[in-house]
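# Observations on chain architecture
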4 protein chains.
Amino acid sequence: MPDTHSPQLEPWQWADSHWQKLVHQVRAGRSYRPKAWKDGARCAVALSFDSDHETNELRDGGKSIGRMAWGPSGNRVGIPRIRKLLDRHGVKATFYVPAVTAMLYPEEQRALVAEGHEIGIHGWIHELNSVLPREAERDLMHRSADTLEKITGKRCVGMRTPSWDFSPNTLALEKELGLMYDSSLMADEDCYELLMHGEETGVIELPVEWVRDDAVYFSMHRFSSLRPYTPPTDVLEIFRRELDAAYEDGGIFQLTMHPHIIGYRSRIWIVDELIRHAKSKGQGKGGVWFATHAEVAAYARANAA
Amino acid sequence: MPDTHSPQLEPWQWADSHWQKLVHQVRAGRSYRPKAWKDGARCAVALSFDSDHETNELRDGGKSIGRMAWGPSGNRVGIPRIRKLLDRHGVKATFYVPAVTAMLYPEEQRALVAEGHEIGIHGWIHELNSVLPREAERDLMHRSADTLEKITGKRCVGMRTPSWDFSPNTLALEKELGLMYDSSLMADEDCYELLMHGEETGVIELPVEWVRDDAVYFSMHRFSSLRPYTPPTDVLEIFRRELDAAYEDGGIFQLTMHPHIIGYRSRIWIVDELIRHAKSKGQGKGGVWFATHAEVAAYARANAA
Amino acid sequence: MPDTHSPQLEPWQWADSHWQKLVHQVRAGRSYRPKAWKDGARCAVALSFDSDHETNELRDGGKSIGRMAWGPSGNRVGIPRIRKLLDRHGVKATFYVPAVTAMLYPEEQRALVAEGHEIGIHGWIHELNSVLPREAERDLMHRSADTLEKITGKRCVGMRTPSWDFSPNTLALEKELGLMYDSSLMADEDCYELLMHGEETGVIELPVEWVRDDAVYFSMHRFSSLRPYTPPTDVLEIFRRELDAAYEDGGIFQLTMHPHIIGYRSRIWIVDELIRHAKSKGQGKGGVWFATHAEVAAYARANAA
Amino acid sequence: MPDTHSPQLEPWQWADSHWQKLVHQVRAGRSYRPKAWKDGARCAVALSFDSDHETNELRDGGKSIGRMAWGPSGNRVGIPRIRKLLDRHGVKATFYVPAVTAMLYPEEQRALVAEGHEIGIHGWIHELNSVLPREAERDLMHRSADTLEKITGKRCVGMRTPSWDFSPNTLALEKELGLMYDSSLMADEDCYELLMHGEETGVIELPVEWVRDDAVYFSMHRFSSLRPYTPPTDVLEIFRRELDAAYEDGGIFQLTMHPHIIGYRSRIWIVDELIRHAKSKGQGKGGVWFATHAEVAAYARANAA
């Protein structure tokens, strides 16, 4: 076995130390799993919406007027429908907002904050962190945090990287920014501490998963073969099974959605049904606890068994 | 942040003025939403069919005799079946027809017009507008309008860009051509005015959506991985949910179909069921209003609240 | 509009004469639609199986031992299961067999012919006709016909091009070979005469369709994103709707399957159910007529209304 | 026909001897099909799990921290859940483990062996065999066998090639390593002997199939169009049909799963239901026999009819 770390080598030629180093860049540390959730609840329900609006198209160059027009439907159709639904159910959720979205639609962000929802960092223009030089990633992350604070009057405590894309520098920058939690990785179903090269960072991961993401089942891209092939009733069934088993396990049901994906008339009922179903287990002791991502992460850390 | 608009920059390097300019090229302006639809109806139902026939294959170079043979099934099988179904239900619809289709099948277009359906512009040979020089796009748009008028005896008042592909020049050319409406964009569920660089144009958008397009679920392309993976019963359910919620909202149920996609024996029943379902809500006051796209756009503009 | 046929031009620049020439290379002529099928049956049921076995992998270069191993399952598992099923139901079908498959498994072909099934030409090694020089296509087509005749003792009267891929020379070569019918194109649901540059050829097309092909729903390719995403029960429903509506129309229910696709334990029951369902309409007058593709094509031509 | 084996030739130009040679590199020989399974059981049920964990991402270069984080969920979530389920049902299964996975998680492997499960070879770092030089493939295969033995204390008797990818040298190396069986190919539904250039090798194949692989229906890859489009209830139905028909046939029901795919809350119930369903047929005489892959292969060889 070659005794070198040269990236020119094929992975099957790597020294053990090389793949070990890769594996340990960012890794799951201790599990933060409380015996029970707030007020004795058995399951934490954390709903989130990534308000990408025009930024997906801008991030790809902004040349398609058709795809750009798709973006604002998140603002004109998706967000109002989601706000109305959450308000009717009295549920608070988390919205991850690229800075460019916030500048295009500042009133949308202020209304969400006024209604008690959490706003989290979601990059500048939905850029992929893994292709950025370190200084650019740092600059964009700081500017994004400042922009959101300026618009909403609140400082964000958590971040979801755009496209869940994590660079070798992301974790250190999140720590530098003093963030309490990240919600972009998926090594577990419970909250856990993120380790950097084996060292504790104090940053909590509230894990996401493709299986609990609306885009996976409903995304549409004209020039690739991405199509919304899964019937909405089956998507509800998948999410409901995740929720029921999280309840059985005493764990977290975390869900990632997008205003321009879930907000359509033929899909929004899925969220309505999910919330109803969760409420049917009761709230408080032995039931479910609806909470923002920040509340779940903070509670998990403070009450880990 | 760099103070330049150079397209060589990565999107995350753009000055704010650059992405703002891109976003404002073509944008959704005021919403045209009537309190009620014609005769007090609660929901407008606008069915449309894009009669592409051989033009998809021709647009791609016309080398595949197999795919070319697929085209005329729209004329021999799809259109006759659709005409019979619409006639049985007394429903008028809109057919968007590339000029080349109209020249290959002029009698088909005349029969549709004679039966009271609307014909709209759909490009020359199903070309993508976004790759055309401005003068070519202008020439093809004018020639397409003239060709359809010559064949059908009627001047078109609306246009759907082929593949819903919109260039930076399309809107100005639609305005120059004096079109009342466009049906290619998707920033809202209600009709809205199209703005060009922030200026009103008087052109109304009657929005489309991938979620309400048969091709998304049923398209087949041998050399890509596009396959008709969604079961037809589930496609009906998606469309029915869109219709039911549009009725609840007092909005528009707009649907895009294709003779060579929906016209098959195992799919045409979906349209039959949808029309039946819409009719079960009654017509006129408190019910549905079946109308062509031109009628819906004109009514929305004239009666916006 | 440029006055030239140069292929360097973009399709939207073509003279009308150019796309007209492309459209008329091979085109659907008169429809061969009998008032009733044999013995007064209302619907012809034509089942077919393309016995590709190893040839799909060989055609692509034959480098994958894994995919090659997949091939013989058609011979060891698929064909025996299909023969048993057809025998139990007393139904005759058509098998399209590449010459290389026939040479690898000559006993399989003889057994099929002995049981009354039809064997049709399906290329040499499942080559794509559209990339062959004319002389190579001619040579392979003749050698394929001769090889099958030598092995089975019967001369084929019909052909299905591998992958339904048709070159500008295919039709002329089919005519030269004296074939009665082709089954590779899809301009209609009824049999029709194939026209070559507007001239009658006497060759009948028995149309296929992607919607009635098992590979569309069940194909698996490791390195592309092709996956068997459609549930088998839904595939049965699609086929059954096609069959029921063909019966209503007094037309043909034609189906394309593959031993290495439909032959699995979790799929073969679809064919069983389809045959049962067809039989439930009765056979003979007012019912269904199970026939080989050659029988259907010959009957349609001889009894067209 | 050209009289040469040159690989520069197109497949349709190959001499018959060339494709015959390709076909016979590795081929299915005699079938090993016992009249009944152990204790008179009618069906052998062989469940397997490929414990890839981080190795899929490492094999592709290890650059994505996001995808890497996905890996350990197999260890933290998937494997514990699978162990618990198998233990509750008293079922033994086979786990195919890349050497790098075993070095990252040695306790996981020891616990599995202690509970009576089989560990099989699954490559070094999930490398594709077909791109390796012969000596590299040989070295990795020997080192993988030695690493697993060192960690678990047991010598493996079977192998599943990573990604079911088989090189022209794989079979000879498996024979050299003295393996009893391979489980990577799919020429039949029963066990069979592998032939190398027409010669018997003594190595038994316990066949896999894409139709019986969870990854086919549930895989997710962000940058390709792979998505988990098939609803879990339909995946259960496919597997159940395979099981029921294997029982009818007196054959084997073999299933390939992955901890990081089947281990989620919304999917693990499929395995639970399958085991329940199998048990409902009884165990022992006339029922099912749950066994590891090694037990099934050994029994099939020793008791072939």
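Residues numbered from 1 in each chain as written. Chains lettered and ligands numbered in written order. Predicted model: local features only at pLDDT ≥ 70, side-chain atom pairs only at ≥ 80, totals over all residues. Heavy atoms only, no water.

### A look at the interface of chain C and chain B
When the parts come together, some accessible area is lost, and that loss is often what is quoted as the size of the interface. For clarity, the threshold we go by: Contacts are assigned to residue pairs that have any heavy atoms within 4.5 Å of one another. Here the quantity called buried area is the total loss of accessible area, with a 1.4 Å probe, experienced by two parts when brought into contact, counted for both. The salt bridge criterion pairs a side-chain nitrogen of Lys or Arg with a carboxyl oxygen of Asp or Glu, the two atoms within 4 Å. Whenever two N or O atoms come within 3.5 Å, that pair is a polar contact, provided that in protein one can donate a hydrogen and the other can accept it, and provided that, for residues adjacent in sequence, both atoms are side-chain atoms. Runs of E in the DSSP output that reach at least two residues are strands. Runs of H or I that reach at least four are helices, and both are numbered from the N terminus.
On the chain B side, the residues contacting the 48 residues of chain C number 41 residues. Summed over both partners, the interface of chain C with chain B comes to about 4000 Å²; 62% of that surface belongs to carbon and sulfur atoms. By the criterion of area lost to chain B, the three top residues of chain C are C:W12, C:W19 and C:E189, representing 19% of everything that side buries. Counting across the chain C and chain B interface gives seven salt bridges. With its nearest N and O atoms 3.3 Å apart, the salt bridge here joins B:R222 to C:D165. At the surface where chain C touches chain B, the tally comes to 19 residue pairs in polar contact (both at pLDDT 80 or more). Among the secondary structure elements, those contributing two or more residues to the side of chain C that touches chain B are α1 (16–24), β1 (26–32), α9 (214–218) and α10 (232–249) of chain C.

### As for the relation of the copies chain C and chain B
So the rule is basically this: The fit set for superposing copies consists of C-alpha atoms from residues with pLDDT of at least 70 in both; the fit itself is least squares.
Mapping chain C onto chain B leaves a residual RMSD of 0.0 Å; the transformation is a rotation of 90° accompanied by 0.0 Å of translation along its axis. The superposition of one copy onto the other is thereby described by a four-fold rotation axis.

### Considering the interface of chain A and chain B
Between chain A and chain B, the contact holds 41 residues from the first and 48 residues from the second. Between chain A and chain B, a total of about 4000 Å² is buried, with carbon and sulfur atoms accounting for 62% of that surface. Taken together, chain A and chain B are joined by seven salt bridges. A salt bridge links B:R27 to A:E54, with the shortest nitrogen-to-oxygen separation between them at 3.0 Å. At the junction of chain A with chain B, the criterion picks out 18 residue pairs in polar contact (both at pLDDT 80 or more). Contributions of two or more residues to the side of chain A that touches chain B are made by α2 (55–59), α3 (65–70), α4 (73–89), α5 (99–104), α7 (134–152) and α10 (232–249) of chain A.

### Description of the relation of the copies chain A and chain B
Expressed as a screw transformation, the operator carrying chain A onto chain B has a rotation angle of 90° and an axial translation of 0.0 Å, and the superposed copies differ by an RMSD of 0.0 Å. When the interface residues of chain A are mapped onto chain B, a mere 7% of them again fall at the interface, so the copies present different faces.

### With respect to the packing of aromatic side chains
Note the cut-off: Stacked, tilted and edge-to-face are the three classes applied to pairs of Phe, Tyr and Trp rings, where Trp contributes its six-membered ring and a pair requires centres within 6.5 Å; stacked means planes under 30 degrees apart, edge-to-face means over 60, and tilted covers the rest. Burial status follows relative accessibility: with a 1.4 Å probe on protein chains alone, a residue under 20% of its type maximum counts as buried, one over 50% as exposed, and anything between as partly exposed. Whether a charge lies above a ring is judged from NZ of Lys or CZ of Arg, which has to be within 6 Å of the ring centre and within 35 degrees of the ring normal.
As enumerated under the stated definition, the model contains 28 aromatic pairs over all chains in all. Seen from their ring centres, A:F49 and A:F95 are 5.2 Å apart, and the 20° between their planes marks the pair as stacked. Placement of A:F49 in strand β2 (residues 43–50) and of A:F95 in strand β3 (residues 94–97) is noted, with a sequence separation of 46 residues between them. Residue class for A:F49 comes out buried when judged on its relative accessible area of 1%. One aromatic cluster is present, formed by A:Y229, B:Y229, C:Y229 and D:Y229 through successive ring pairs. The ring of D:Y247 has D:R42 sitting right over it, with the charged end atom 4.9 Å from the ring centre. For D:R143, the ring lying beneath its charged end belongs to D:W124, and the centroid distance is 4.3 Å.

### Focus: the pairing of strand β7 (residues 191–196) of chain D
All names here are of chain D. Condition: DSSP-based pairing: two strands are paired if at least 2 bridges between them are found.
Summarising burial for β7: five of the six residues are buried, a large majority. As paired strands, strand β1 (residues 26–32) and β7 are joined by five bridges and run antiparallel to one another. Within the sheet, the bridge partner assigned to Y32 lies in β7 and is C191. Here four bridges tie β7 to strand β8 (residues 199–205), and the two strands are oriented antiparallel to one another. Bridge pairing links Y192 to E205 in β8. With antiparallel pairing between neighbouring strands as the criterion, β7 and β8 make up a hairpin whose turn holds two residues, including H197 at a positive phi of roughly 50°.

### Some words on the pairing of β3(A)
Residues and elements named next belong to chain A. Residues of β3 alternate between two faces, with T94 and Y96 on one and F95 and V97 on the opposite face, all of them buried. Note: β2 against β3, three bridges, orientation parallel. Residue pairing in the sheet places S48 in a bridge with T94 of β3. Across four bridges, β3 lies against strand β4 (residues 118–121) in parallel orientation. Bridging across to β4, V97 finds its partner in I121.

### With respect to the side chain of A:R160
Residue placement: A:R160 occurs in the loop between β5 (158–159) and α8 (170–176). A polar side-chain atom of A:R160 sits 2.9 Å from a polar atom in the side chain of A:D50.

### Comments concerning helix α6 (residues 106–114) of chain C
An α-helix turns once every 3.6 residues. As a result, residues three or four positions apart point the same way. All names here are of chain C. Listing the buried residues of α6 in full gives E108, Q109, A111, L112 and V113. Packing partners of the buried residues in α6 comprise α4 (73–89), β3 (94–97), α5 (99–104), β4 (118–121) and α7 (134–152). Of the residues trailing α6, G116 is marked for its positive phi of about 95°.

### Describing the pattern of salt bridges
Enumeration over the complete set of coordinates arrives at 112 salt bridges over all chains. Here D:R67 and D:D60 are joined by a salt bridge, their closest N and O atoms 3.0 Å apart. Overall, D:D60 belongs to the partly exposed group, its relative accessible area being 48%. Among the ionic pairs, D:R110 bridges to D:E107, the shortest N-O distance being 2.5 Å. Of this pair, D:R110 and D:E107 both sit in helix α6 (residues 106–114), separated by three residues, roughly a single helical turn. Overall, D:R110 belongs to the partly exposed group, its relative accessible area being 36%. One continuous salt-bridge network, built from bridges that share partners, spans A:E57, A:R59, A:D60 and A:R67.

### Quick notes on the confidence of the model for chain A
Residues and elements named next belong to chain A. Selection rule: pLDDT: the predictor's confidence for each residue, scored from 0 to 100.
Per-chain confidence: chain A averages 96 in pLDDT, with 98% of residues scoring 70 or above. Residue range residues 1–5 is modelled with pLDDT below 50. Its contacts to residues more than four positions away, or to other chains, number twelve contacts. In the predicted complex, the global pTM is 0.96; the interface-specific ipTM is 0.95.

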